Amino acid sequence: MTQVIERTEAVKLRVMENAQWNKPVYETNGLNLWYGTSHALKNIDLTIHEKEVTAIIGPSGCGKSTYLKTLNRMVELAGNVSISGNVTFQGDNILDRSMPVEMLRSKVGMVFQKPNPFPKSIYENVAFGPKIHGIKNRAILDQVVENSLKKAALWDEVKDRLHENAYGLSGGQQQRLCIARALAVEPEVILMDEPTSALDPVSTNKVEELIKEIKNDVTIVIVTHNMQQAARISDRTAFFLNGEVIEYDRTSTIFNEPADQLTYDYINGRFG
Amino acid sequence: MEHVQEAQQFERKLNGRLMMNKVSKGIFFLSTLFGLVVLAVLLYRVLSEGIAYINWNFLTGKLSTNPERAGIMGAILGTFWLMIVVAPVTMFLGVATAIYLEMYAKKNKFTEFIQTNIANLAGVPSIVYGILGLTVFVRAMDLGNIVLAGGLTMSLLILPIVIVASQEALRAVPKFLEEGSLGMGATKWQTIRAVVLPVALPGILTGAILALSRAIGETAPLVVIGIPALLIPFPGSIFDKFTVLPMQIYYWTLDSSLVAEYANLAAATIIVLLVALLVLNSSAIIIRNKFTKRF
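Just so you know, these numbers come straight off a predicted model, no measurement behind them.

Once that is clear, we can look at the overall build of chain A. Regarding its fold elements, chain A presents 11 helices and 10 strands. Taking 2.2 N^0.38 as the reference for a compact globule, 272 residues should give roughly 19 Å; the C-alpha atoms of chain A span a radius of gyration of 20 Å, in line with that estimate. Considering only C-alpha atoms, chain A reaches an extent of 65 × 50 × 40 Å along its principal axes. Looking at chain A residue by residue over its 272 residues, the buried ones come to 42%.

Rendered as structure tokens:
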């Protein structure tokens, strides 16, 4: 009897913990997306929790990048896209178009597969976001640039050449610069679309360390091809296949005791 | 035995191939030479006829029926004022149109139609633009044959070139830069202004300068508009009557049967015009090589 009570207490505690620490940021209900006639996302239900790293894994063409780009509505750039269902960000439905995308994207940063700094100085790259959102004061900008570069663990490497072109940096440094650029507007969420797939192992490691570091401040959703990476850095993992969410759970559960045979097969390299 | 035969056959064929290789190289070389030789003869003729007539007085003097005293300052100023109209008008309209077509317009049949038409307009003979300018600017708007009317006509003529060149420059800007900016929450216009245009600018400028150099050398539309012949006062604004360097060449060449030395003056003016074009085109090449960013 006492055992049972203890167990229920423990479960309650865990639920409370979850409720306390993992407030939902994004809630997706019945999301469907078509590129023309091709059905890319099918009935997606997914909740992304605050200040966690959520990894999205799955084989090429499974819709994981499409889902990620739906979260900041970059997916619409492709043109010929139709969407149904609900995606709420902090309670607001982002698909009903009452919220300007500019507002959404100032709260939800994005880091791309290929490092894409602007052909400007390192300083101007980081100051870009604050500037477009109207900050002109030089002293504030200086501070933002320094803080963001420090958060992105790049400050020591670039502090003496802030005004040199960003394309003089190595690929890994460029990607960390892009993360600093995203951090500079103090977003709530950063979406990462295979951020390390173009990087060497050392740079990849640095970016992963950085992700673990910044998740104290921001929620991170990361699409990755690299399952070890998902296992190393994420708190939750969603497995996508053919536009559907096959399984979504704590990363340890997904990798150690997946409920679905497909998930098991995928993470054990049977396909994909 | 068979092997020997095969080898012989191979050798015979090889000789044929090598021969063809040499012949084709020769054909291409001679083709190139043809253009160069014609250009050299032309340059030689122009230089030998005109160079002696270029002096300070010729460059800064007023027009005169007396070849000893004639100068081309009027035409130089006319060309200058013409550019004052043409450059801003084509830069603004051309770049704005290109931005609309590349960045805003949806890709559909209608924009495709517009696109094809712009490309075709670039090939319309310049005299047709002259007639358009005469009808619209000189007569309908009653501007008369002043710099403004000529400049607007010339702008129409080179606008398609500027649009097409600017579109190509905009298209060459990598999409990932645009995405990076939009992903930060920048508006479309902020993205264009802060990211896309700076990258496209060298290409746009190169196209615009080359188009301007075309406008400097054009004569036909101005003939149609009725740019006056000799002996007018220096133009001092865009509302004055004017003449330009190629017009000057045209009139002097026409009248060279009356006064033989006019042919020399025409040649001297050609030299001045060629130098101006050379400077413009070189600056376009310098801009392209120096400022174009590669990714």
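Here the narrative resumes, following the displayed structure.
When helices and strands are counted, chain B shows 11 helices and 0 strands. Sequence-ordered secondary structure for chain B, helices as α and strands as β, is α-α-α-α-α-α-α-α-α-α-α. With the C-alpha coordinates of chain B rotated into their principal frame, the extents come out at 90 × 60 × 35 Å. Sorting the 295 residues of chain B into buried and exposed places 35% on the buried side. Considering only contacts within chain B whose residues lie at least 6 apart along the sequence, 76% involve residues at least 24 apart.

A few words on the UniProt feature "domain: ABC transporter" (unreviewed entry) in chain A. What UniProt calls "domain: ABC transporter" (unreviewed entry) maps, in this numbering, to residues 26–267 of chain A. Along residues 26–267 of chain A the backbone is 38% helical and 27% strand, and the end-to-end C-alpha distance reaches 25 Å.

Opposite the 16 residues of chain A that make contact, chain B presents 15 residues. The set of elements that each furnish at least two residues to the side of chain A that touches chain B consists of α3 (101–107) and α4 (122–132) of chain A. Across the side of chain A that touches chain B, the residue classes break down as 8 nonpolar, 5 polar and 3 charged.

Once that is clear, we can look at the UniProt feature "transmembrane region" (unreviewed entry) in chain B. All names here are of chain B. The positions that UniProt labels "transmembrane region" (unreviewed entry) are, in the present scheme, residues 27–47, 72–101, 121–140, 146–165, 194–216 and 262–287. The span residues 72–101 shows a helical share of 97% and a strand share of 0%, and its end C-alpha atoms are spaced 42 Å apart. For the annotated span residues 121–140, helix accounts for 80% and strand for 0% of the residues, and the straight-line distance between the end C-alpha atoms is 22 Å.

Right, let's get into the environment of A:Val53. All names here are of chain A. Relative to the assigned elements, Val-53 resides in strand β3 (residues 53–57). Note: C-alpha distance between Val-53 and Met-103 (50 residues apart in sequence) is 23 Å. If we ignore the near neighbours within four places in the chain, the residues touching Val-53 are Ile-211, Lys-215, Ile-220, Ile-222, Ile-233, Ser-234 and Asp-235.

Residues and elements named next belong to chain A. Judged from the 8 bridges that link them, strand β1 (residues 24–35) and strand β2 (residues 38–49) form a sheet pairing that is antiparallel. The partner of Thr-28 across the bridge, within β2, is Leu-46. The loop that links β1 with its antiparallel partner β2 comprises 2 residues; one of these, Gly-36, has a positive phi angle of about 60 degrees. Where β1 meets strand β4 (residues 81–89), 8 bridges bridge the pair, whose relative direction is antiparallel. Within β4, the position partnered with Asn-32 by the bridge is Ser-84.

Here we take up the sheet that holds β1(A). A sheet is described by the order of its strands in space; here 4 strands give the open sequence β2-β1-β4-β5 (chain A), paired in antiparallel fashion. Each having just a single partner strand, β2 and β5 (92–93) of chain A make up the two edges of the open sheet.

Residue and element names in this part refer to chain A. With mixed pairing, the 6 strands of this open sheet are ordered in space as β6-β7-β8-β3-β9-β10. At either end of the open sheet lies a strand with only one pairing partner, and these are β6 (108–111) and β10 (244–250). Direction aside, neighbouring strands of the sheet carry axes that sit 15 degrees apart on average. Of the pairings in the sheet, the one linking β6 to strand β7 (residues 189–193) comprises 4 bridges and is parallel in character. Counted as the bridge partner of Gly-109 is Ile-190 from β7.

This part takes up the confidence of the model for chain B. Detailed reading of the predicted coordinates is not advisable wherever pLDDT falls low. With 97% of its residues at a pLDDT of 70 or more, chain B shows a mean pLDDT of 90. Taken over the whole predicted complex, pTM reads 0.83, whereas the ipTM for its chain interfaces reads 0.87.

Residues and elements named next belong to chain B. What the domain assignment lists for chain B is domain 1 (2–53) and domain 2 (58–291). On a C-alpha basis, the centroid separation for the pair domain 1 and domain 2 is 37 Å. With 6 residues of domain 1 at the contact, the number on the domain 2 side is 8 residues. Of the residues assigned to the side of domain 1 that touches domain 2, the class counts are 4 nonpolar, 1 polar and 1 charged.

Its identity as a non-glycine residue notwithstanding, A:Glu194 has a phi of 45 degrees, on the positive side. Inspection of the secondary structure puts A:Glu194 in the loop between β7 and α8 (201–214). When the 21 C-beta atoms within 10 Å are taken as the criterion, A:Glu194 is described as buried. Positive phi is not limited to glycine here, since B:Asp142 has a value of about 55 degrees. Structurally, the position occupied by B:Asp142 is in the loop between α5 (126–140) and α6 (147–171). Judged by the 8 C-beta atoms lying within 10 Å of it, B:Asp142 is exposed.

Cut-offs and rules
- Residues numbered from 1 in each chain as written.
- Chains lettered and ligands numbered in written order.
- Predicted model: local features only at pLDDT ≥ 70, side-chain atom pairs only at ≥ 80, totals over all residues.
- Helix = DSSP H or I, 4+ residues; strand = E, 2+ residues; numbered from the N terminus.
- Rg over C-alpha atoms; globule rule 2.2 N^0.38 Å.
- Buried ≥ 20, exposed ≤ 12 C-beta atoms within 10 Å, placed from the backbone.
- Contact = placed C-beta atoms within 7 Å.
- UniProt positions renumbered as here; feature names shortened; annotations may be inferred.
- Nonpolar A, V, L, I, M, F, W, Y, C, P; charged D, E, K, R; others polar.
- Pairing = 2+ DSSP bridges.
- Axes fitted to C-alpha atoms, helices over the stretch in contact; angles between N-to-C directions.
- pLDDT = per-residue confidence, 0-100.
- Domains from an automatic or database assignment.

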